[in-house]
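The lines below spell out each chain.
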Amino acid sequence: MRLTVNARPPFSLSAVVGSHGWVRLAPFARDPDTGALVRVEQLDSGQVVALRIEEEADPGGAGSGVSVATEASLTEAEGQEVTDKVGWMLGLDQDLTPFYDLAREEPKLARMEERAQGRLLRSPTLFEDVVKTILTTNTAWSGTIRMAEALVSQYGAPLPGDPKRRTFPTPDRLAGTDEETLRAQARLGYRAPYVLALARDVASGELDLEALKDSDLPTVELRKRLLALKGVGGYAAANLLMILGRYDYVPVDSWALKMVSREWYGGEPVGQAEVEAAFERWGEWKGLAYWFWDWSDTG
DNA sequence: GGTAGACCTGGACGC
DNA sequence: GCGTCCAGGTCTACC
C-alpha cells in the first residue's frame, strides 16, 4: 500500500533525515541503496508495519512531500494514523519562513532555505524522543546507538515475517521491566532508573508527554516541564524543545563549547554563557541558528 | 546560585 | 590480556 503525504515547501527528505543523528538510532534506518527512510511501527490497531518513506517529487522536480509504502494493507483509520505520524516525524507542515528571512542575511546560514534545511527528524512519540535524548547524555554517540538498539531488540514488538525488525518499545512494555534488567541487559547504566521512571509515569497516565507536542505553554514553562523529568537537564531540555519546534535555547554540550571556542574565542576555553551569548541575537531562533551554523571553516 | 563529586560504559592507551 | 584513564550530561549534597 502506498500513501502520499504533502509537505509545506521548501522541503527535502534528505535534509530532514540528515538534520541530526536520529536516523542512526533504531528503529530508524536508512536504505543504503535508495536512501529511503525506513522504520517499523506499531499502529493503534495493534498491527506492526514497516514504513518505507521516500521523496515524492513534483512535476517541476522540487520536493513536495513523501510517499509512504507498507507491504501490509491498511484500513482507512490506519492509513490516517500513518499519515499523521509521518507528518509529525518529518515536520511536514512546519513554516520556517520567518527564520529564513533572517538567515538570508547571515553567510553562515544563507543556504538553508535553498537546501530546505531547518526541520529536525523526530520520533512518532515524544516518549521515544525523551528516552533517546536521555541516551545521548554522558556517553559517546556509539553508546547511544548501542543502547537504543538494545531497547528495540529486547523490548520492541516484532514485524510479522521479519521478527528481527522491531518497533521502539511502548511505555507499557518498558514499565513492565525493572531497573536491574535495564542495567544488565540493555546496558543503560545509571540511566536505567530514569528511563524506567519515565516509562512508568507515562504508562500509568500520571504523565501525558504527548500533550506537550501541541502545547500552548510558553517555552519557559515547557522547559520547566522537561527539566522536571529525571535525567533531563539543560542540554537535554534544549534538545527536546528543538524537537518540539521551540528554538529559544541552545543545546550546549561539549561539542558546542569546542566549536564556539574555536569560532569566536581563538580556542580559549568557554562556558555555557559564551555559547548562549554567541547566538543571543537570534532570539526565538537561536537553537536553529546554532544547529545549522556552518562550522566548516572553524579551526 | 554556584560547585564538586559521583554516576556508568566503552574505547584508548600503556604495560 | 589486564589495568588505568578519560569523555560524555545530570543529579545531589554542600557551601
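Quick caveat, the model's predicted, so the values are computed rather than measured.

Check the secondary structure of chain A and you find 13 helices and seven strands. Relative to a compact globule of 299 residues, whose C-alpha radius of gyration would be 19 Å, chain A shows 19 Å and is just as compact. Projecting the C-alpha coordinates of chain A onto the three principal axes gives extents of approximately 55 × 55 × 35 Å. By the burial criterion, 48% of the 299 residues in chain A qualify as buried. The long-range share in chain A, meaning contacts at least 24 apart out of those at least 6 apart in sequence, stands at 62%. Taking the average location of the 33 positive side-chain charges in chain A and that of its 45 negative ones, the two points are 5 Å from each other.

Moving on to the protein's contact with DNA strand B. Within the structure, DNA strand B sits among N138, R146, R183, R187, G189 and Y190. Those atoms of DNA strand B that come within 4 Å of the protein belong to sugar or phosphate at a rate of 94%. R146 places a side-chain nitrogen or oxygen 3.5 Å from a sugar or linking oxygen of DNA strand B. Within the side chain of R183, a nitrogen or oxygen atom sits 2.4 Å from a phosphate oxygen of DNA strand B. Here the surface near DNA strand B is composed, by residue class, of one nonpolar, two polar and three charged.

Right, let's get into the pattern of salt bridges. Tallying each qualifying case throughout the model produces 18 salt bridges. In this structure, the salt-bridge partner of R8 is D95, at a minimum N-O distance of 3.9 Å. Here the residue R8 occupies a position in the loop between β1 (2–6) and α1 (13–17), and D95 occupies one in the loop between α2 (76–90) and α3 (97–103), the gap between them amounting to 87 residues. The shortest N-O distance in the salt bridge between E41 and R39 comes to 2.7 Å.

Moving on, we come to unusual backbone geometry. In the segment running from P9 into P10, the intervening peptide bond is cis, with an omega of -5°. With respect to the element layout, P10 can be found in the loop between β1 and α1. A cis amide bond, omega 5°, links A26 with the succeeding residue P27. Looking at the secondary structure, you find P27 in the loop between α1 and β2 (29–30). Unusually for a residue other than glycine, N138 sits at a positive phi of about 55°.

Not every one of the 15 residues close to DNA strand C is listed here, only the nearest: N138, K230, G231, A236 and D253. The separation between a phosphate oxygen of DNA strand C and a polar main-chain atom of Y235 is 3.1 Å. Considering every element that reaches the surface near DNA strand C, the biggest residue donor is helix α10 (residues 234–243), with three residues. For the surface near DNA strand C, the per-class residue count stands at six nonpolar, seven polar and two charged.

Time to look at the nonpolar core. The biggest cluster of nonpolar side chains holds 63 residues, and the ones touching the most others in it are V66, V86, L90 and L151. Residue-level mapping places this core at the junction of two domains, with at least three residues from each of domain 1 (2–115) and domain 2 (126–243). For V86, the residues in contact, after removing those within four places along its chain, are L51, I53, V66, V68 and L92. Core analysis: the next-biggest nonpolar cluster, separate from the first, contains 25 residues, M112, M242, V252 and W293 among them.

Taken domain by domain, chain A comprises domain 1 (2–115), domain 2 (126–243) and domain 3 (254–292). Roughly 1600 Å² of surface becomes buried between domain 1 and domain 2 when both sides are summed, with 67% attributable to carbon and sulfur atoms. It is W22, L25 and W88 in domain 1 that bury the most area against domain 2; as a group they hold 37% of the surface buried on that side. Taken together, domain 1 and domain 2 are joined by one salt bridge. For E128, the salt bridge is made with R39, and the minimal N-O distance between the two is 2.6 Å. One can count three residue pairs in polar contact (both at pLDDT 80 or more) joining domain 1 with domain 2. Among the secondary structure elements, those contributing two or more residues to the side of domain 1 that touches domain 2 are β3 (37–42) and β4 (48–57).

What counts as what
Residues numbered from 1 in each chain as written. Chains lettered and ligands numbered in written order. Predicted model: local features only at pLDDT ≥ 70, side-chain atom pairs only at ≥ 80, totals over all residues. Heavy atoms only, no water. Helix = DSSP H or I, 4+ residues; strand = E, 2+ residues; numbered from the N terminus. Rg over C-alpha atoms; globule rule 2.2 N^0.38 Å. Buried < 20%, exposed > 50% of the residue type's maximum accessible area, 1.4 Å probe, protein only. Contact = heavy atoms within 4.5 Å. Lys, Arg positive; Asp, Glu negative; His and termini not counted. Charge placed at Lys NZ, Arg CZ, Asp CG, Glu CD. Near = heavy atom within 4 Å. Polar contact = N/O pair within 3.5 Å; in protein donor to acceptor, adjacent residues only side chain to side chain. Nonpolar A, V, L, I, M, F, W, Y, C, P; charged D, E, K, R; others polar. Salt bridge = Lys/Arg side-chain N within 4 Å of Asp/Glu carboxyl O. Core = buried A, V, L, I, M, F, W, Y, C linked by side-chain atoms within 4.5 Å. Domains from an automatic or database assignment. Buried area = accessible area lost by both parts, 1.4 Å probe.

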